[in-house]
Amino acid sequence: MSEAIEGDRTFADEFPAEARVVRAALLGSFLALTLGAVFGIIQTLHRTGVFRGLISSTDYYTSLTAHGVFLALSFTTFFLVGLFTWAVVRSLDRPLIDIRITWTWYGLMAAGMTMTGISILAGFTDALDMSADVLFTFYAPLQAHPMFYAGLAVFIVGSWIAGADYFRTWLAWKREHPDDRIPLQTFMVLTTMAMWYIASSAVAASVLVFLLPWSLGLIDQVNPTLTRTLFWFFGHPVVYFWLMPAYLLWYTVLPKIAGGRLFSDPLARVVFVLFLLLSTPVGIHHQYLDPGIAEGFKFISMTNTMFLLLPSLLTAFTVVASVEYGARQRGGTGLLGWLTDLPWRDPAFTGMMLAGLMFAAGGFSGMVNAGMNINYMIHNTIWVPGHFHLTVGTAVALTFMAATYWLWPQITNKPIYSRSIGLVQVVVWFVGMALMSNAMHAQGILGVPRRTAEPEYSGFDYPVMFGGFEELNVQIAIGGTLLFVSTVLFVGNLVLTMGNPKVSGLAEELPPALSGPDDAPRVLDNLGLWVGIALVLVVLAYALPLAAIINRGGLLGPGVGTYPVWFAPALDALANAATPSLGAITDAAASLVEVIR
Amino acid sequence: MHIHAYEKVWLAASVLLILFLLGSVTYGAVGPGIAMVSDGESAIDPGGIDEDERFSEPRVEQVGETEYEAYVVARQFGFQPDPIVVPANSTVTFYVTSADVIHGFEVAGTNANTMVVPGEVAEITVETDAPAEYGIVCNEYCGAAHHGMEGKLEVVSQSEFDGGRNGGDGE
Amino acid sequence: MGRNEAAHASASDVSGDTEEFDPIGTLTLIGIYFVILVLSWVYIYYIEFLGRDLIVVG
Ligand code: HEM
Ligand SMILES: [Cu+2]
Ligand SMILES: [Cu+2]
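None of the values given here were measured: they were computed from a predicted structure. (Residues numbered from 1 in each chain as written. Chains lettered and ligands numbered in written order. Predicted model: local features only at pLDDT ≥ 70, side-chain atom pairs only at ≥ 80, totals over all residues. Heavy atoms only, no water.)

Student: Outline the coordination of the iron atom of ligand 1, supporting the account with residue identities and numerical values.
Tutor: All names here are of chain A. Here the iron atom of ligand 1 is held by His67 (NE2) and His389 (NE2), and the distances to it run 2.0 Å. Each of the 6 donor atoms bound to the iron atom of ligand 1 contributes to angles spanning 86 to 179°, and the resulting shape is octahedral. Here the residue His67 occupies a position in helix H4 (residues 60-92), and His389 occupies one in helix H16 (residues 383-412), the gap between them amounting to 322 residues. Judged on exposure class, the residue His67 and its partner His389 are both buried. (Donors = N, O, S within 2.8 Å, 3.2 Å for Na, K, Ca; no water. Tetrahedral: all angles 85-135°; square planar, octahedral: opposite > 155°, others 65-115°. Helix = DSSP H or I, 4+ residues; strand = E, 2+ residues; numbered from the N terminus. Buried < 20%, exposed > 50% of the residue type's maximum accessible area, 1.4 Å probe, protein only.)

See the structure below:
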């Protein structure tokens, strides 16, 4: 091994230009995390009724849109492109083709997200005739300001160029190493980006063909089921787009921190291929309760979804086995006694392990979400945010934060300011999320809806179970507060780290797998083949449903109106539209309109 | 390709688990007879529901001895009719449509739950038991006063139902 | 830094280890997880979900 020679050179030493891009991407990501956490705590306290003084209930939806977009799209994707840039360059051991292209995609992504972000945040003020209170799913016929859609389009195009950057760098490497296997990290990056191209094509089409022209007034109406279906065509695979960088870290970095090495390189490749194949033809499971889509299509989608559990279940085994190997290398013994021989004082390790544990719990609620008819029980209840705060909100987010404690020194040559604060931070996140998510699941079973500023209603009370609505609200509020505190600790620690002087000797080598790539069938590296099969599966899953939807409602909708939520006069019209027979409610709406003015 | 024996065991267990989950859902469909909201109803013009035979006057109608149909309109920010009154121990089919944006129709704490999409009619059939009162909530964000969008489902005894109808009022 | 796995993971380097290491702890943990999953599912599907009012039958 060349560790002695190489060991003292970090990524920042070897590839300073690329390290700068990785830093910029990660900082963009953490800016989004900070903003998202601020809206997160505001809405947690608001919807639980603990404190409603900061925003009005109308502005709640502005906050929720910001929370969803900044965290689910911006935080995750910026971290992903930073991590992938690091992973490709590190594992190919060569620089990117042309750093100007790299900065171009970074610039596009940043500009796009800034446009979208401004259009959302403008909703808080009357000074600008602009808002985008459409939540991160932007279901038509609710309509956002055109800049919201335009920014999304620019952001996605930026991410496409990033993917092309990785593919071109790999092709250049391949010319230099014609007979080598694709290094594992690069393999993971390329399969993820291939999946991303397939998935994001649908939402890009929805935005560019329908929503943007419609918001600009070029077309009168859209078909709400069609744009919704195109969203979920993208919306399920996007959850794997968030998850796969976390998997990359669990497979390639976590075993090393545990003191071992990856258990099986071939299985890791199989898992990523399965994600490429199965992530997309499942989106209809978000539409189990949609009218206008045949039950048969829903059943097919469920079957695919259930088999999509396989790669995650396999991952659980491989990752834990790699950690066990590390523990045994460190002298761990016994059936489970080795668990005590792990580096639990290391925030990177503990954070990733806790993230994995929460993911296991999220696996359960995910199975419930996937079970077609049991969806009647939890659809659009707060059970669903309870679920995805375990998955993207912890398995992904906590892994990213934990990995930062390991990765940041590699790309800056600066040691982390305080690893103890880091340890506290990851544990506080875990405890906070355990409280918040558990109570959200329980409230969901009571029937408490998600996405609502005031989930208590005048006409009825929720059934009493699991402690009841009020008590669960308290748990959610405490959990959300801990999560916010944890975010502040994370960001504060990082800011202080940036003030540290540069030192040498921080370099860390990643060891090869126990069962190496030579053990993996060559066909696994045939990306063209897998993309081809993935496309066939997508066509099989979506051609008929999309044709049926267009056949029923037309490309541009069966006379559906337009409901802009982005300028005050429109809200007026919208209040008038409610019929007089709804007197009391209309009054409430009208007074809300007053408040907005 | 080398796969450890334990990993093969886990792979087999995982496949069994998946089959068990699919089996449960299938059991729910054929045993208790749970059906999904589907595409049985034809598309509708949301601009024209005020002239529509079923939805111009949202109401509950008796269509068989113990069978009832409820035509429900969701719009920003309420449901019609409100309350929805149906008799106990009957079979009720809800036809729910939207006059404007996407809404949800959820009878809180029960399994009656569907999306309400403009241009489509959601059809769900349920069986009522003893008299009870339920809240109905819109569980899809539908605009600035979404949190105020609620309704009521009242399952009343047959005699109360007949009495109420003669009185020409929901209660 | 900057080595790639492919370059180092020669067969001689790894094949021996693989046979020696049996992740019995992992199998135990994941077995426990399996049991929890099955029990929770049975509760949530057969007891909670099928036991609720207004089951949709058509
Ligand atoms: C400071 C930590 C956080 C807090 C306190 C928090 C709190 C919440 C709450 C209470 C909701 C439900 C709002 C509602 O449905 O009415 C919510 C929604 C959501 N959260 Fe978080 N969250 C946090 C972190 C995260 C993270 C890290 C992510 C993802 C990376 C995330 C993604 C989302 C998404 C996508 C939604 C759904 C938005 C929608 O329904 O449109 N959250 N959050
Ligand atoms: Cu999904
Ligand atoms: Cu509504």
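Student: Help me get a handle on the site of ligand 1, residues and values and all.
Tutor: Residue and element names in this part refer to chain A. Around ligand 1, the surrounding shell holds 27 residues, and the nearest of these are Arg47, Tyr60, His67, His389 and Arg451. For ligand 1, a nitrogen atom lies 2.8 Å from a polar atom in the side chain of His389. Interatomic distance of 2.9 Å between a side-chain N/O atom of Arg450 and an oxygen atom of ligand 1. Counting only elements with at least two residues in the shell around ligand 1, the list comes to helix H3 (16-47), H4, H16, helix H17 (419-446) and helix H18 (468-498). (Near = heavy atom within 4 Å. Polar contact = N/O pair within 3.5 Å; in protein donor to acceptor, adjacent residues only side chain to side chain.)

Student: Can you lay out the packing of helix H9 (residues 237-252) of chain A against helix H13 (residues 309-329) of chain A for me, pointing to particular residues and giving the numbers?
Tutor: Residue and element names in this part refer to chain A. Where H9 contacts H13, the two axes come as close as 11 Å, and the packing angle between them is 20°. By the angle class used here, H9 and H13 are roughly parallel. Where H9 crosses over H13, the two elements pack in a sense that is left-handed. Between H9, through Tyr240, Tyr247, Trp250 and Tyr251, and H13, the contact on the second element is made entirely by Ser312, Thr315, Thr318 and Val319. Grouping the amino acids of the contact of H9 with H13 by side-chain chemistry returns 5 nonpolar, 3 polar and no charged. (Axes fitted to C-alpha atoms, helices over the stretch in contact; angles between N-to-C directions. Parallel < 35°, antiparallel > 145°, perpendicular 65-115°, else oblique. Left-handed = near helix turned anticlockwise from the far one by under 90°. Contact = heavy atoms within 4.5 Å. Nonpolar A, V, L, I, M, F, W, Y, C, P; charged D, E, K, R; others polar.)

Student: A description of the coordination of the copper ion (ligand 3) should follow, citing residues and the corresponding values.
Tutor: Residue and element names in this part refer to chain B. Within the protein, the copper ion (ligand 3) binds to His103 (ND1), Cys138 (SG), Cys142 (SG) and Met149 (SD); these donor distances fall in the range 2.1 to 2.4 Å. Considering all 4 donor atoms around the copper ion (ligand 3), the spread of angles at the metal, 93 to 121°, places the coordination shape in the tetrahedral class. Donor residues binding the copper ion (ligand 3) come from one chain and are separated in sequence as H-x34-C-x3-C-x6-M. Separated by 11 residues along the polypeptide, Cys138 in the loop between strand E9 (132-137) and strand E10 (150-156) and Met149 in the loop between E9 and E10 bring together distant segments of the chain. No difference in accessibility class separates Cys138 from Met149, as the two residues are buried.

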